[in-house]
Amino acid sequence: MRVALLLGLLWAALAGAAETMRIAVGPETGAAMVSGEALSCGDDLDDGEFVSLGKARITLRRSERGLTLDEAAIPGDAIRCRGQGALEVNGVKVQGDVVVLKGKRELVVVNVLPLEAYLQGVLGSEMPKSFPLEALKAQAIAARTYALNKKLEQYGQPFHLGSSVISQVYKGLAADDPRTREAIEATKGLVLTWQLQPIEAYFHASCGGRTESGAEALGRDLPYLQSVSCPCGKLPTSHWTVKVAPKELGAKAATLQVQGRSPTGRVRRVQVGPRSIDAVSFRERIGYMRLKSLDFEVAAQAKDGWVLKGHGFGHGAGLCQWGARVLADGGKDFRQILEHYYPGTELQTLYE
């Protein structure tokens, strides 16, 4: 019932005004330095009253009673700032407004901006700008859909998404580019849906030849996140090797063996010495950038460590970005790419 109600509210909002997102820019911070032309601040409301500050740079900090602006106490636990043009907050240049509010321990910095403007900071951060336009369009729709799904999930919360790889990588105007902007504008308002609801449109860099199901990769048993074949497995970028030293796994790590695999061959559990640990924790310990996926094997073992050989980069569920590139190079358009990686979904225009 709650999902249906929120979905109805979302559709009503989309029909009447530009959809906005609230994005936490970085982790909690001790100070928020905001700069921009003709700065003005007010309450955290879209239609609130904003007062000109007569300055182009301010520093906000947390105090026991609320916040301070350039060391002067201000009422309330949140303040919203805007300027003429872009703002810069803690070194990140953004569009829209900046909200600074009290977090659990320090300050939370939130960028409030239209969804399409948000995508300008995501698309070039998540997919190489040099990729074919049809692949960029597919990624733009996946990112838009993922954002709307998370907004429904976080309805009423101070922010909808973070800006790191845990959510969608968002770098503000630093990621803006004419090619990614073209892909966003060409797909404006297009969203992937399942039973009229924006789907959980997960994506990853490379699956290594076959995507993983949502149930295996993410614990999300969803009908549109099924394992499908992918042409990225033939690319050199899909293959990698890493050497792991015994000290990285603990003093008693005399052996390293794979204990179980998923139907697509990805590792589920490994035995490290006398211990059995799940593969996700193992990858986290080695480092996500080194052990790029769970599709690996122990290729060699010696006194100074183990050589692991693997395929792909990321969790493997949903859209494979390098696979999308190969499909686009082969003449597939964004609709065909999305149909391949999210089978059974529908493309709908939520707004124009």
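Every value quoted in this text rests on a predicted model; they were computed, and no experiment measured them.

Points about the layout of surface pockets
Of the volumes computed, that of the largest pocket is approximately 1,100 Å³. Lining the largest pocket are 34 residues, and of these V165, F203, R283, G314 and H315 sit closest to its centre. Secondary structure elements with two or more residues in the lining of the largest pocket: β15 (203-204), α5 (214-218), β18 (267-272), α6 (279-286) and α7 (321-329). A class-by-class count of the residues in the lining of the largest pocket yields 19 nonpolar, 8 polar and 7 charged.

Looking at the sheet that holds β18
Hydrogen bonds along the backbone pair up the strands of a sheet, which may run parallel or antiparallel. In space, the 3 strands of this open sheet follow the order β17-β18-β19, with antiparallel pairing throughout. Because the sheet does not close on itself, it has two edges, and the strands there are β17 (256-261) and β19 (275-278). Taken over all neighbouring pairs, the strand axes of this sheet differ in orientation by 25° on average, direction set aside. Here β18 runs beside β19; their pairing, made up of 4 bridges, is antiparallel.

Comments concerning the packing of helix α3 (residues 133-153) against helix α4 (residues 178-186)
For the pair α3 and α4, interaxial distance at closest approach is 8 Å and the crossing angle is 60°. Considering how the two elements wind past one another, α3 and α4 form a crossing that is right-handed. Of α4, the residues touching α3 (which contributes L133, L136, K137, A140 and R144) are R179, T180, E182, A183, I184 and A186. Of the residues assigned to the contact of α3 with α4, the class counts are 6 nonpolar, 1 polar and 4 charged.

Examining the side chain of D295
Looking at the element boundaries, D295 is found in the loop between α6 and β20 (296-302). Among buried charged residues, D295 stands out as having no salt bridge; its nearest opposite-charge side chain is R261, 5.1 Å away. Excluding residues within four positions of it along the chain, D295 makes contact with C207, W240, G265, R266, K309, G310 and H311.

Some points on the nonpolar core
Among the nonpolar cores identified, the biggest contains 69 residues, and Y118, Y341 and Y342 are the most heavily contacted of them. Among the elements that line this core, the one with the most residues is α3, at 10 residues. In this view, Y342 contacts A142, L192, I199, A201, Y202, F203, Y224, L225, G318 and L319; residues no more than four positions away in its chain are not counted. One finds W240, V267, F296 and W306 within the second-largest nonpolar core, a separate group that totals 17 residues.

Some thoughts on the environment of G85
Its place among the elements puts G85 in the loop between β8 (78-82) and β9 (87-89). Accessibility expressed as a relative area gives 52% for G85, which makes it exposed. Expressed as a C-alpha distance, the spacing of G85 and L39, which sit 46 residues apart in the sequence, is 9.9 Å.

A look at the state of the cysteines
This structure, assessed with the given rule, holds 0 disulfides. Lacking any disulfide linkage, C207 is separated from the closest cysteine sulfur, that of C230, by 3.5 Å.

Things to note about the packing of aromatic side chains
If you walk through the whole model with that rule in mind, you get 5 aromatic pairs. Ring centres of Y146 and Y202 lie 5.6 Å apart, and the angle between their planes is 70°; on these two criteria the pair is classed as edge-to-face. One end of the pair, Y146, is in helix α3; the other, Y202, is in the loop between β14 (197-198) and β15, and 56 residues separate them in sequence. Y202 sits in the buried class, given a relative accessible area of 14%. One cation-aromatic arrangement involves R82 over F50; the distance from NZ or CZ to the ring centre is 3.9 Å. Positioned above the aromatic ring of F313, the side-chain terminus of K292 is 5.4 Å from the ring centre.

Quick word on the pattern of salt bridges
Pairs can form between side chains of opposite charge once their charged atoms are near each other. Overall, the coordinates contain 16 salt bridges when judged by the stated rule. Note that R80 and D44 form a salt bridge whose closest N and O atoms lie 3.2 Å from each other. Pair noted here: R80 is in strand β8 and D44 is in the loop between β3 (40-42) and β4 (50-52), with a separation of 36 residues, a long-range link. You can call D44 partly exposed: its relative accessible area is 25%. Here R144 and E116 are joined by a salt bridge, their closest N and O atoms 2.9 Å apart.

So, how was this worked out
Residues numbered from 1 in each chain as written. Predicted model: local features only at pLDDT ≥ 70, side-chain atom pairs only at ≥ 80, totals over all residues. Heavy atoms only, no water. 1 Å grid on protein atoms, 1.4 Å probe; cavity = no way out; pocket = protein on both sides within 12 Å on 5 of 7 lines; lining within 4 Å. Points joined across faces, edges and corners; volume = space filled by probe spheres on them. Helix = DSSP H or I, 4+ residues; strand = E, 2+ residues; numbered from the N terminus. Nonpolar A, V, L, I, M, F, W, Y, C, P; charged D, E, K, R; others polar. Pairing = 2+ DSSP bridges. Axes fitted to C-alpha atoms, helices over the stretch in contact; angles between N-to-C directions. Left-handed = near helix turned anticlockwise from the far one by under 90°. Contact = heavy atoms within 4.5 Å. Buried < 20%, exposed > 50% of the residue type's maximum accessible area, 1.4 Å probe, protein only. Lys, Arg positive; Asp, Glu negative; His and termini not counted. Salt bridge = Lys/Arg side-chain N within 4 Å of Asp/Glu carboxyl O. Core = buried A, V, L, I, M, F, W, Y, C linked by side-chain atoms within 4.5 Å. Disulfide = S-S within 2.5 Å. Phe/Tyr/Trp six-rings, centres within 6.5 Å; stacked < 30°, edge-to-face > 60°. Lys NZ or Arg CZ within 6 Å of the ring centre and 35° of its normal.

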